[in-house]
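# Structural overview for review
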Amino acid sequence: MANAKPHRIESITEIHRLMGLPKPQHPLIGIVDLSGLKNESEIDAVLFDLYVISLKRGCDKLHYGQQKYDFDEGLMAFMSPGQILRGEEKGVPSKLEGWMLFIHPDFLWGTSLAQKMKKYEFFDYSVHEALFLSQKEETIIDEIARNIQNEYCSNIDKFSQDIIISHLETLLNYSERFYQRQFITRKVTNHQILGRLENLLSDYFNSDDLVTKGLPTVQTISDHLNVSPTYLRSLLKTLTGKSTQQHIHDKLIERAKELLSTTDLSVSEIAYELGFEHLQSFSKLFKTKTKQSPMEFRALFN
């Protein structure tokens, strides 16, 4: 069943029906309490046409990158429309608590948040790149979620949507702040990713892959590190101020400097060895990064 076609979820009503819950109180937004939820469905995977924000506790073992963590406090995950969620291998954990917030894209139409959703990159992170919350952070997020639920459960009026949108934007802004904190404070995991990135690039640039495959792509690097490209970019930007592509180019220039200063290879030969089809492209990148042409740099060692 693992490779079965995912079940498509297009509405809040369908979620409630699938989970055996009463009809939703709002057609376009809703929060589902995960406490006591039983996984009696035979559906292995679902594809949401909705935004999904979840806060879970008691998840036991959580896969995070290539590692596992025992984590009983709150963790958040974010999904944008079109992403697939697969069920737990052993069903819903017995101690699972928390909530899932579902937002239909139609709810955002004509609001200030409609365009801003694109700036929240964590919606493109993989499921295993969850946000780990401290108790204080969890309390803040829970309070905002309660405000959203209280508002859509009240009598709907002309102010309701604006108020809920305001709460949603506050929740997302706090989530972004907490992710930035996580990049900095989870030093062991994040520094391991940086170390693996450095080793991966070093091995690649010292192999024949540059000639046969060209420069590594951001997607290739992310796949090897088992993180999503968006998560890797956000992590590197926070810790180093550079994007993944900039790290690739820095390693390339480092290798180019080594070849220019220690070998008799021509600039054209070096460009070819570094995976460039055209000398001009190599020379332009080198000068952009170093403010010198390859020949001017080489002249410093003659």
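Structure report, in brief. All figures in this text were calculated on a predicted structure; none of them were measured in a lab.

About the thresholds
Residues numbered from 1 in each chain as written. Predicted model: local features only at pLDDT ≥ 70, side-chain atom pairs only at ≥ 80, totals over all residues. Heavy atoms only, no water. Helix = DSSP H or I, 4+ residues; strand = E, 2+ residues; numbered from the N terminus. Expected span 1.5 Å × (residues − 1). Buried < 20%, exposed > 50% of the residue type's maximum accessible area, 1.4 Å probe, protein only. Contact = heavy atoms within 4.5 Å. Core = buried A, V, L, I, M, F, W, Y, C linked by side-chain atoms within 4.5 Å. Pairing = 2+ DSSP bridges. Axes fitted to C-alpha atoms, helices over the stretch in contact; angles between N-to-C directions. Phe/Tyr/Trp six-rings, centres within 6.5 Å; stacked < 30°, edge-to-face > 60°. Salt bridge = Lys/Arg side-chain N within 4 Å of Asp/Glu carboxyl O.

Since the α-helix turns once every 3.6 residues, residues separated by three or four places project in the same direction. Taking 1.5 Å of rise per residue, the 19 residues of helix α3 (residues 135–153) would be expected to cover 27 Å, and the 27 Å separating its terminal C-alpha atoms lies within 8% of that figure. Residues of α3 that are buried include every one of E137, E138, I141, D142, I144, A145, I148, E151 and Y152, and no others. Buried residues belonging to α3 abut β2 (29–33), β4 (51–57), β7 (75–79), β9 (97–103), β10 (131–132) and α4 (160–185).

Here we take up the nonpolar core. Core analysis: the biggest nonpolar cluster contains 61 residues, and I53, I148, L168 and L172 have the highest contact counts within it. With eight residues, the single largest contributor to this core is α4. Counting 13 residues, the second-largest nonpolar core is a separate cluster that includes I9, F48, V52 and F102.

In this section: the sheet that holds β9. Strand pairing in a sheet takes place through backbone hydrogen bonds and is either antiparallel or parallel in direction. Strand order in this open sheet of five strands is β2-β9-β4-β7-β10, and the pairing throughout is antiparallel. The open sheet is flanked by β2 and β10, the only strands paired with a single partner. Pairing of β4 with β9 involves seven bridges; the strand directions are antiparallel. Across the sheet, K56 pairs through a bridge with G98, a residue of β9. Docked against the sheet, α3 engages β2, β4, β7, β9 and β10, running at close to 125° with respect to β2.

This part is about the packing of aromatic side chains. Where two aromatic rings form a pair, the distance of their centres and the angle of their planes describe that pair. This structure, assessed with the given rule, holds 17 aromatic pairs. When the ring of F122 is compared with that of Y179, the centres are 5.7 Å apart and the planes differ by 15°; the resulting orientation is stacked. Placement of the pair is F122 in the loop between α2 (113–116) and β10 and Y179 in helix α4, with a sequence separation of 57 residues. Neither residue differs from the other here; F122 and Y179 are each classed as buried. Here the aromatic cluster, defined as three or more aromatic residues joined through ring pairs, consists of Y51, F78, Y120, F122, F123, Y125, Y179, F183 and Y231.

Attention shifts here to the pattern of salt bridges. If you walk through the whole model with that rule in mind, you get 13 salt bridges. Here R146 ties to E143 by a salt bridge, and the two come within 2.8 Å at their closest N and O atoms. One end of the pair, R146, and the other, E143, are both in helix α3, three residues apart, so they sit about a helical turn from each other. Relative accessible area serves as the criterion here: at 41%, R146 is assigned to the partly exposed category. A salt bridge links E198 to K251; the shortest N-O distance between them is 2.5 Å. Separated by 53 residues along the polypeptide, E198 in helix α5 (residues 187–205) and K251 in helix α9 (residues 244–262) bring together distant segments of the chain. Here the salt bridges do not stand alone but share partners, grouping R57, E138 and D142 into one network.

Here we take up unusual backbone geometry. We note that N226 has phi near 60°; this positive angle belongs to a residue other than glycine. Given a relative accessible area of 30%, N226 falls into the partly exposed group. For K291, which is not glycine, the phi torsion reads 65° and is therefore positive. Within the secondary structure layout, K291 lies in the loop between α11 (279–290) and α12 (294–299).

Most of β9 sits out of view: six of its seven residues are buried. Pairing geometry for β2 and β9, over five bridges, is antiparallel. Bridge pairing in β9 links I31 to L101.

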